[in-house]
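Survey of secondary and tertiary structure
So you can see what is in the structure, the chains are spelled out below.
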Amino acid sequence: MTIQIDKKEFELLLEYDQIEKNIRLIGIQINVAYEKRLPVFISVLNGSFMFAADLLKEIEIGCEISFVKLASYQGERQSEQIKNLIGLNMSLQDREVIILEDIVESGNTLKQVIELVKKEKPASVAVCTLLLKPAALQHDFDEIAYVGFEIENEFVVGYGLDYNGLGRNLKDIYRLKREIP
Ligand code: 5GP
Ligand code: MG
């Protein structure tokens, strides 16, 4: 099955049934690992909204969730990029944090998110990502504890992930197949 977004053709990669199944398995692991620890999930928007909604339905232990965005702005020096987590509306001090990501490619974004979370002095930081592209990863992370799917180094859309703002609403995940001439 293929779909078209703008001038690109995408083909089915992961069906929602399979996504749901792997999310259920992650949920079980988190329920066991974090029992009585009252973790805080930090969902990194926009891409992770659907994953966060489905995963949280599988979490049966006490927990909180906060939705954040990684923003960057120009510092005092022109060359200086300052990163900031916007939307963090609670203290993470001494909390058990689980970062929820849609996808980790090079890991540059995740590295920044982890650094910003660690500045808040949490008791622990773990990362849960729906998708991981091992071949594209440029950093070593001890924090990545839960992965839904390892995928090839190719562009995907759907289930929260977009192409030019489109496709986030798709229930399944599709990979780029070809340009339409
Ligand atoms: P990284 O910093 O790990 O290289 O990339 C992370 C961000 O790039 C993700 O949060 C996501 O916004 C975007 N990204 C990476 N790979 C893909 C992909 O295959 N599809 C989409 N839609 N976004 C991606
Ligand atoms: Mg993301």
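A quick note: this is a predicted structure, and the numbers were derived from the prediction, not measured.

Cut-offs applied
- Residues numbered from 1 in each chain as written.
- Chains lettered and ligands numbered in written order.
- Predicted model: local features only at pLDDT ≥ 70, side-chain atom pairs only at ≥ 80, totals over all residues.
- Heavy atoms only, no water.
- Near = heavy atom within 4 Å.
- Polar contact = N/O pair within 3.5 Å; in protein donor to acceptor, adjacent residues only side chain to side chain.
- Areas by Shrake-Rupley, 256 points an atom, 1.4 Å probe, with all protein chains shown as cover.
- Helix = DSSP H or I, 4+ residues; strand = E, 2+ residues; numbered from the N terminus.
- Nonpolar A, V, L, I, M, F, W, Y, C, P; charged D, E, K, R; others polar.
- Expected span 1.5 Å × (residues − 1).
- Buried < 20%, exposed > 50% of the residue type's maximum accessible area, 1.4 Å probe, protein only.
- Phe/Tyr/Trp six-rings, centres within 6.5 Å; stacked < 30°, edge-to-face > 60°.
- Axes fitted to C-alpha atoms, helices over the stretch in contact; angles between N-to-C directions.
- Parallel < 35°, antiparallel > 145°, perpendicular 65-115°, else oblique.
- Left-handed = near helix turned anticlockwise from the far one by under 90°.
- Contact = heavy atoms within 4.5 Å.

**A word on the site of ligand 1**
- Contacts to ligand 1 come from 14 residues, most closely from Ser 106, Gly 107, Thr 109, Val 156 and Asp 162.
- Within the contact set of ligand 1, an oxygen atom lies 2.8 Å away from a backbone nitrogen or oxygen of Glu 105.
- Between ligand 1 and Asp 162, the relevant distance is 2.7 Å, taken from a nitrogen atom to a main-chain nitrogen or oxygen of the residue.
- Protein contact buries 79% of the 510 Å² of open area that ligand 1 shows by itself.
- When contributions to the shell around ligand 1 are tallied by element, the ones reaching two or more residues are strand S6 (96-104) and helix H3 (108-118).
- It is S6 that contributes the most residues to the shell around ligand 1, 3 residues altogether.
- Residues that form the shell around ligand 1 fall into these classes: 5 nonpolar, 4 polar and 5 charged.

**A short note on helix H1 (residues 16-33)**
- With 18 residues, H1 should cover 26 Å at 1.5 Å per step; its first-to-last C-alpha distance of 25 Å lies within 8% of that length.
- Burial in H1 covers these residues: Tyr 16, Ile 19, Asn 22, Ile 23, Ile 26, Gly 27, Ile 30 and Asn 31.

**Observations concerning the packing of aromatic side chains**
- Counting across every chain of the model gives 4 aromatic pairs.
- Residues Phe 10 and Tyr 163 carry aromatic rings whose centres are separated by 6.1 Å and whose planes lie at 55° to one another, so their mutual orientation is tilted. Remark: Tyr 163 occurs in the loop between strand S9 (156-157) and strand S10 (173-179) and Phe 10 occurs in strand S2 (residues 8-14); sequence separation between them is 153 residues.
- For Phe 10, a relative accessible area of 0% gives the class buried.
- Ring centres of Tyr 16 and Tyr 159 lie 6.0 Å apart, and the angle between their planes is 40°; on these two criteria the pair is classed as tilted. Taken together, the residues span a long stretch of sequence, with Tyr 16 in helix H1 and Tyr 159 in the loop between S9 and S10 at a distance of 143 residues. In this pair, the class of Tyr 16 matches that of Tyr 159, namely buried.

**Description of the packing of H1 against helix H2 (residues 49-58)**
- Contact geometry of H1 with H2 gives a least axis separation of 8 Å together with a crossing angle of 50°. Taken as axis vectors, H1 and H2 run oblique relative to one another. As H1 packs across H2, the resulting crossing turns out to be right-handed. Of H2, the residues touching H1 (which contributes Tyr 16, Ile 23, Arg 24, Ile 26, Gly 27, Ile 30 and Asn 31) are Phe 51, Asp 54, Leu 55 and Glu 58.
- Residue classes in the contact of H1 with H2 are distributed as 6 nonpolar, 2 polar and 3 charged.

Purely geometric numbers; function is a separate question.
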